[in-house]
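# Working through the structure, step by step
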Amino acid sequence: MEESNITFQDLGLSEAMLKALEKKGYGYPTTVQQEAIPLLLQWRDVIAKAPTGTGKTFAFGIPMIEHVDTSCPDIQGLILAPTRELAIQIGEELRGLLAFYQGIRVAVLYGGAGIVGQAKQLEKKPQIVVATPGRLMDHYNRKNLTLSKIQTVVLDEADRMLDMGFFKDVTRIIDKTKNRKNLGLFSATISQEVMTVSWMYQRDEAEITVEPKKEDRPDIDQYSLTVSPLAKAETTLRLIRGQNFERVMIFCNTKHMCQRLSDELCRAGADCDCIHGDIRQSQREKTMQRYREGKLAILVATDVASRGIDVEDVECVINYDIPEENEYYVHRIGRTGRAKRKGVAYSLVGNFPEKAKLDEIAKYSNYQIRPMLLGEDGTLTEEEIKVTPIKKRFR
């Protein structure tokens, strides 16, 4: 099926859902959406592998909303996410889809925020809950919610969640959803842990694999800049100003470097802030809200923000540090080039180990990362690759 031939209307969605999608400017489903939505509407178990940025949230969120019985005040749909940032993002996406519905409520539960305020959300009887596993179990143990009426459970970024050590919590939660009709596993990669959960809890599951085709894979030009480690901050600022970028995300490997770079850019007069694990959750949310609303030009972050942060108009991603894992690179650069927009990503290479790691990432991801030179005035030119001639040895 060609994506251009299928509309959301063809998937048999309600008038309220079609109006919400039209309001948000979505006319055609992505591949994972057109495959997953009909299956989940039929209460099928689904295991879906799809690249980042291909619309997985709508793929499971739309059928979950369509299944809600508004006359029932019990929790009917549960979405588990590995990080608070992703949980918040999913909650916002779902609320956007509810613009033309009456009586459907969504609660978002995550650690690092007041449990009392979240308990008040639960007192309003939400039919859909988005949660991190640990905080969901906190509320369950306090008897703030029951899981017995849940019909659909979805694990988003299942590979990351199970890799983060949530396996016991996740399986305990699924065990408590006694009346569950279906289970959806959505992931960028299918790890052994994901397969184990599928084997334990899914029956006659439908498998969806979305290869990174041209129409699904974000359109991102990728470049590398070789620079002295001590000159990385100055190079970053020169790049942003020279290319007139107004919406930038910069990724660092550590909390310390993240804060240090943010402070340095601010001192240089840049409109910049950062999010990392040592910053209070309330402050992180305020910073992310400012960035989403376009009131902040540069966001510096650790990999905690590289998944699930769906800001459609990010012009440029800069890898200040080369990521330690191949997958992290894919998720980082996936913050740009969203919603069919063109994106660009730059990786700053400060030494030979970083160059070796970036070469490995390019090979792993099948990406072309072109080396560039940054002029003093901020202009970019392609770096000529010097080929060392092979000396012949004569016997």
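Preceding this paragraph is the structure being described.
All of the points below concern the structure found in this document. (Residues numbered from 1 in each chain as written. Predicted model: local features only at pLDDT ≥ 70, side-chain atom pairs only at ≥ 80, totals over all residues. Heavy atoms only, no water.)

Moving on: the packing of aromatic side chains. Throughout the structure, instances matching the rule amount to 5 aromatic pairs. Summarising the aromatic geometry, the rings of tyrosine 26 and phenylalanine 58 are spaced 5.2 Å apart at their centres and angled 70° between planes, so their arrangement reads as edge-to-face. Linking tyrosine 26 in the loop between helix H1 (15-23) and helix H2 (31-41) with phenylalanine 58 in helix H3 (residues 56-67), this pair joins segments that are 32 residues apart in sequence. Phenylalanine 58 gets classed as buried once you look at its relative accessible area, which sits at 4%. Ring geometry for tyrosine 329 versus tyrosine 367: centroids 6.1 Å apart, planes at 55°, classification tilted. One end of the pair, tyrosine 329, is in helix H13 (residues 326-333); the other, tyrosine 367, is in the loop between helix H14 (352-365) and strand E14 (369-374), with 38 residues separating them in the sequence. As far as the burial class goes, tyrosine 329 and tyrosine 367 line up, both buried. Aromatic ring contacts, followed pair by pair, group Tyr223, Phe245 and Tyr346 into a single cluster. Positioned above the aromatic ring of tyrosine 320, the side-chain terminus of lysine 232 is 5.6 Å from the ring centre. (Phe/Tyr/Trp six-rings, centres within 6.5 Å; stacked < 30°, edge-to-face > 60°. Helix = DSSP H or I, 4+ residues; strand = E, 2+ residues; numbered from the N terminus. Buried < 20%, exposed > 50% of the residue type's maximum accessible area, 1.4 Å probe, protein only. Lys NZ or Arg CZ within 6 Å of the ring centre and 35° of its normal.)

This part covers the sheet that holds strand E10 (residues 272-275). Through backbone hydrogen bonds, the strands of a sheet pair up, either in parallel or in antiparallel fashion. Pairing is mixed across the open sheet formed by 8 strands, whose spatial order is E10-E11-E9-E12-E13-E8-E14-E15. Edge positions in the sheet fall to E10 and strand E15 (380-382), since each of these pairs with one other strand and no more. Sheet twist, expressed as the mean angle between neighbouring strand axes with direction ignored, is 30°. Sheet topology note: the E10/strand E11 (residues 298-301) ladder contains 4 bridges and is parallel. Bridge assignment links aspartate 273 to a residue of E11, and that residue is leucine 299. In this fold helix H12 (residues 281-292) packs onto strand E9 (248-251), E10 and E11, with an angle of close to 135° to the strand it touches most, E10. Against the sheet, H14 contacts strand E8 (219-226), strand E13 (342-349) and E14, and its axis sits at roughly 145° relative to E13. (Pairing = 2+ DSSP bridges. Axes fitted to C-alpha atoms, helices over the stretch in contact; angles between N-to-C directions. Contact = heavy atoms within 4.5 Å.)

So, about the sheet that holds strand E1 (residues 46-49). Strand order in this open sheet of 7 strands is E3-E4-E2-E5-E6-E1-E7, and the pairing throughout is parallel. For this open sheet the edge positions go to strand E3 (106-109) and strand E7 (206-209), each flanked by a neighbour on one side alone. Adjacent strand axes in the sheet meet at a mean angle of 10°, parallel and antiparallel pairs treated alike. In this structure, E1 lies alongside E7, joined through 4 bridges in parallel fashion. Pairing of isoleucine 47 across the sheet is with glutamate 207, part of E7. Running at roughly 170° to E3, helix H4 (residues 84-97) makes contact with strand E2 (77-80), E3, strand E4 (128-131) and strand E5 (152-156) of the sheet. Helix H8 (residues 167-176) contacts E2, E5 and strand E6 (182-187) of the sheet and is inclined by roughly 175° relative to E2.

Right, let's get into the nonpolar core. Ranked by internal contacts, the top residues of the largest apolar core, which has 44 residues, are Leu13, Ile62, Ile65 and Phe186. Secondary structure elements with two or more residues in this core: H1, H2, E1, H3, H4, E3, E4 and E7. With 29 residues, the next largest nonpolar core counts Tyr223, Phe245, Val344 and Leu348 among its residues. (Core = buried A, V, L, I, M, F, W, Y, C linked by side-chain atoms within 4.5 Å.)

This next bit is on the packing of H8 against helix H9 (residues 192-201). H9 packs onto H8 with a crossing angle of 20° between their chain directions and a minimal axis gap of 12 Å. One finds that H8 runs roughly parallel with respect to H9. The chirality of how H8 crosses H9 is right-handed. In this structure, H8 uses Phe167, Thr171, Ile174 and Asp175 to contact H9, whose residues at the interface are Glu193, Thr196, Val197, Met200 and Tyr201. (Parallel < 35°, antiparallel > 145°, perpendicular 65-115°, else oblique. Left-handed = near helix turned anticlockwise from the far one by under 90°.)

Next up on the list: the environment of alanine 345. Mapping alanine 345 onto the fold places it in strand E13. Here the alpha-carbon distance between alanine 345 and methionine 249, two residues 96 residues apart in the chain, equals 9.5 Å. Not counting the four nearest positions on each side in its chain, alanine 345 is found in contact with Ile220, Asp221, Gln222, Tyr223, Val317 and Ile333.

Summed over all chains, the structure comprises 0 disulfides. Between cysteine 252, a cysteine without a disulfide, and cysteine 258, which holds the nearest cysteine sulfur, the sulfur-to-sulfur distance is 5.2 Å. (Disulfide = S-S within 2.5 Å.)

On to the pairing of E10, then. Burial of E10 is two-sided: the residues Cys272 and Cys274 facing one way and the residues Asp273 and Ile275 facing the other way are all buried. For the crossover from E10 across H12 to E11, the handedness is right-handed. (Right-handed = clockwise from strand over helix to strand, strands pointing away.)

Our focus in this paragraph is the side chain of arginine 238. Inspection of the secondary structure assignment puts arginine 238 in helix H10 (residues 232-242). Engagement of the side chain of arginine 238 in a polar contact is seen with the side chain of glutamate 234, the distance being 2.8 Å. In contact with arginine 238, other than residues within four places in its own chain, are Leu374, Gly375, Glu376 and Gly378. (Polar contact = N/O pair within 3.5 Å; in protein donor to acceptor, adjacent residues only side chain to side chain.)

Turning to the environment of lysine 178, a few remarks are in order. Within the fold, lysine 178 resides in the loop between H8 and E6. Considering only alpha carbons, one finds lysine 178 and serine 148, 30 residues apart in sequence, at a separation of 5.7 Å. At a separation of 3.2 Å, a polar atom in the side chain of lysine 178 contacts the main-chain carbonyl oxygen of aspartate 175.

Moving on to H14. Between its first and last C-alpha atoms H14 spans 20 Å; for 14 residues at 1.5 Å apiece the expected length is 20 Å, and the two agree. Glu354, Lys357, Leu358, Ile361, Ala362 and Ser365 are the residues of H14 that are buried. Taken end-on, H14 shows its buried residues confined to a sector of 140°, consistent with a single buried face. In this structure, H14 carries Phe352, Pro353 and Lys363 as exposed residues pointing more than 90 degrees from its buried face. Those residues of H14 hidden inside the fold are in contact with E8, H10, H13, E13 and E14. Capping the start of H14, asparagine 351 holds a side-chain oxygen 2.9 Å from the backbone nitrogen of glutamate 354, two or three residues further along. At the C-terminal side of H14, asparagine 366 shows a positive phi close to 60°. (Expected span 1.5 Å × (residues − 1). Arc of directions from axis to C-beta.)

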